[in-house]
Amino acid sequence: MALKCGIVGLPNVGKSTLFNCLSNAKAQSANFPFCTIEPNVGVISVPDDRLTRLVDMCQPRSVVPATVEIVDIAGLVKGASRGEGLGNKFLANIRETDAILHVLRCFDDDNITHVDGSVNPVRDKEIIDYELLLKDMETVDGRLARTVKQAQTGGDKAAKMQAEVLKRIKDALEQGKPARSVSFDTPDEQKFVRELFLLTSKPVLYVCNVDDASAATGNAYVEAVREAIAAEGASLMVIAAQTESEIAELDTYEERREFLESIGLEESGVARLIRAAYALLDLQTYFTAGPDEVRAWTFIRGSKAPRCAGIIHTDFEKGFIRAEVIKYDDYVQLGGENAVREAGRLGVEGKDYVVQDGDIMHFRFNV
């Protein structure tokens, strides 16, 4: 699927270092603003112990994991909404993403210059939030003027609905609240909001970039951010980007495990962040498993069986007959598909079946 997360933040907060850890790409990481002018894009495999277990059981000829696309976007600065610091270009890059990983600097280091002269992640968050909000206000104001005119002169029902939606969003923005804080109930309203591509409507994960000593426990900067976002309903995670870059350079799994244990972690921050980005996009995974291939297929939470079948091939959706479904736990505990069939635990589902995370699927279709 073409859904993607954008890594955003002020210059020199660790965005490109983090991106390099995620994708093994070689985005330039330097101690000055705007070292990343064009967005770097990486397609990242999603760590999943279930896939590993299925591969061990099936011993397939090929393995295809789920992936998520990550975009490293150059650092924003105050005034970006007015074009400061290549701001318009960077804001356009954010608009093209589906969710935001907002990196905040939560460490002290005199050797790394902060664009505003001091470390204050809450202030940094507010700077970026404000620039995104201003750009959305510009979008909403421009659209509202045209829509209100259409609603008044033509009696257009769709225009009236759109005008009401825009007014509600504008009210929120004027109060300093993001567009995502406004909920809409009808499919038409939700569709219209999506088509606006508002920057503050995107889901956000705040990534607190800390020093090595704070990787496991966090620090006072992290707690300040946690308090600042408490009312947003947004998630937060702690990661030490520099530490992660050191982990990525280790050759063996055993070396990486020992390093993690030495700093009090059970799992790398990169693995946690990739899964968090996947969840932020509201994505889940179903599997196909057999001797030829074990594959993780990405679908949007709440999707029904025909739509998930269409992810494999459009013909599967067009000619959908039924889906044979095995629950992952049954597959593992009973020892594979044949054992599940013999135990009578294989489900046969129709068009209204909502696919669940971890389902092992086989689709029947006729074209």
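Residues numbered from 1 in each chain as written. Predicted model: local features only at pLDDT ≥ 70, side-chain atom pairs only at ≥ 80, totals over all residues. Heavy atoms only, no water.

Trainee: Mind laying out the pattern of salt bridges, listing which residues take part and the relevant values?
Mentor: Tallied over the full model, the rule gives 22 salt bridges. Between K135 and E138 there is a salt bridge whose closest N-O contact spans 3.5 Å. Taken as a pair, K135 and E138 lie in helix α4 (residues 121-154) at a separation of 3 residues, close to a single helical turn. A residue is classified by how much of its surface remains accessible, and K135, at 13% relative accessible area, is buried. Taking the shortest distance from any N to any O, the salt bridge between R341 and E324 comes out at 2.9 Å. (Salt bridge = Lys/Arg side-chain N within 4 Å of Asp/Glu carboxyl O. Helix = DSSP H or I, 4+ residues; strand = E, 2+ residues; numbered from the N terminus. Buried < 20%, exposed > 50% of the residue type's maximum accessible area, 1.4 Å probe, protein only.)

Trainee: Describe the packing of aromatic side chains, with residues and values.
Mentor: Following the criterion strictly, the structure yields 5 aromatic pairs and no others. Residues Y286 and F299 carry aromatic rings whose centres are separated by 6.0 Å and whose planes lie at 40° to one another, so their mutual orientation is tilted. With Y286 in strand β8 (residues 283-289) and F299 in strand β9 (residues 293-300), this pair connects stretches of sequence that are 13 residues apart. Pairwise contacts between aromatic rings join Y286, W297, F299, F320 and F363 into one cluster. Of note, R295 hangs over the ring of W297, and the distance from its end group to the ring centre comes to 4.0 Å. (Phe/Tyr/Trp six-rings, centres within 6.5 Å; stacked < 30°, edge-to-face > 60°. Lys NZ or Arg CZ within 6 Å of the ring centre and 35° of its normal.)

Trainee: Mind laying out the environment of D329, listing which residues take part and the relevant values?
Mentor: Considering the arrangement of structural elements, one finds D329 in helix α13 (residues 328-334). For the pair D329 and G358, spaced 29 residues apart in sequence, the C-alpha separation works out to 8.7 Å.

Trainee: Lay out the side chain of S245 with the relevant residues and their values.
Mentor: Among the structural elements, S245 can be located in helix α8 (residues 241-248). Using a relative accessible area of 16% as the deciding quantity, one classes S245 as buried. Each residue touching S245, except ones within four places of it in the same chain, is listed here: T17 and C21. (Contact = heavy atoms within 4.5 Å.)

Trainee: Break down the sheet that holds strand β7 (residues 235-239) for me, citing the residues and quoting the values.
Mentor: In spatial order, the strands read β2-β4-β1-β5-β6-β7; together these 6 strands make up an open sheet with mixed pairing. Two strands in the sheet have a free side with no partner beyond their single neighbour: β2 (40-45) and β7. If you compare each strand with its neighbour and ignore which way they point, the axes differ by 25° on average. Note: strand β1 (residues 4-8) against strand β4 (residues 67-72), 4 bridges, orientation parallel. By the bridge assignment, I7 is partnered in β4 with D72. Here helix α1 (residues 15-23) sits on the sheet and contacts β1, β2, β4, β5 (99-105), β6 (204-209) and β7; the angle it forms with β2, its principal contact strand, is near 40°. Here helix α10 (residues 269-280) sits on the sheet and contacts β1, β2, β4, β5, β6 and β7; the angle it forms with β7, its principal contact strand, is near 160°. (Pairing = 2+ DSSP bridges. Axes fitted to C-alpha atoms, helices over the stretch in contact; angles between N-to-C directions.)

Trainee: So, unusual backbone geometry: which residues are in play, and what are the values?
Mentor: The backbone of Q59 shows a phi angle near 45°, a positive value even though the residue is not glycine. Its location among the elements puts Q59 in the loop between α2 (49-58) and β3 (62-64). Taking relative accessible area as the criterion, Q59 reaches 57% and is therefore assigned exposed. A positive phi angle, close to 55°, is found at F197, a residue other than glycine. Its location among the elements puts F197 in the loop between α6 (187-196) and β6.

Trainee: Can you lay out the layout of surface pockets for me, pointing to particular residues and giving the numbers?
Mentor: By volume, the largest pocket is sized at about 1,000 Å³. If you trace the largest pocket, you find 31 residues lining it, with D98, R194, S201, K202 and P203 closest to the centre. With 3 residues, the single largest contributor to the lining of the largest pocket is α6. Each residue belonging to the lining of the largest pocket can be placed in one class, and the counts come to 13 nonpolar, 8 polar and 10 charged. (1 Å grid on protein atoms, 1.4 Å probe; cavity = no way out; pocket = protein on both sides within 12 Å on 5 of 7 lines; lining within 4 Å. Points joined across faces, edges and corners; volume = space filled by probe spheres on them. Nonpolar A, V, L, I, M, F, W, Y, C, P; charged D, E, K, R; others polar.)

Trainee: Explain α1 to me, using residue names and the numbers behind them.
Mentor: Of all 9 residues that make up α1, 8 are buried, and the element is covered over most of its length. Buried within α1 are the following residues: K15, S16, T17, L18, F19, N20, C21 and L22.

Trainee: I'd like to hear about the pairing of β5, residue by residue, with values.
Mentor: Within β5, 7 of the 7 residues are buried, which leaves the element mostly enclosed by the surrounding structure. Residues A99, L101, V103 and R105 point to one face of β5 and I100, H102 and L104 to the other, with burial holding for every one of them. Pairing analysis gives 4 bridges linking β1 to β5, with the strands arranged parallel. Residue pairing in the sheet places I7 in a bridge with L101 of β5. Relative to β6, β5 is paired through 6 bridges, and the arrangement is parallel. When the bridges of β6 are listed, L104 appears paired with C208.

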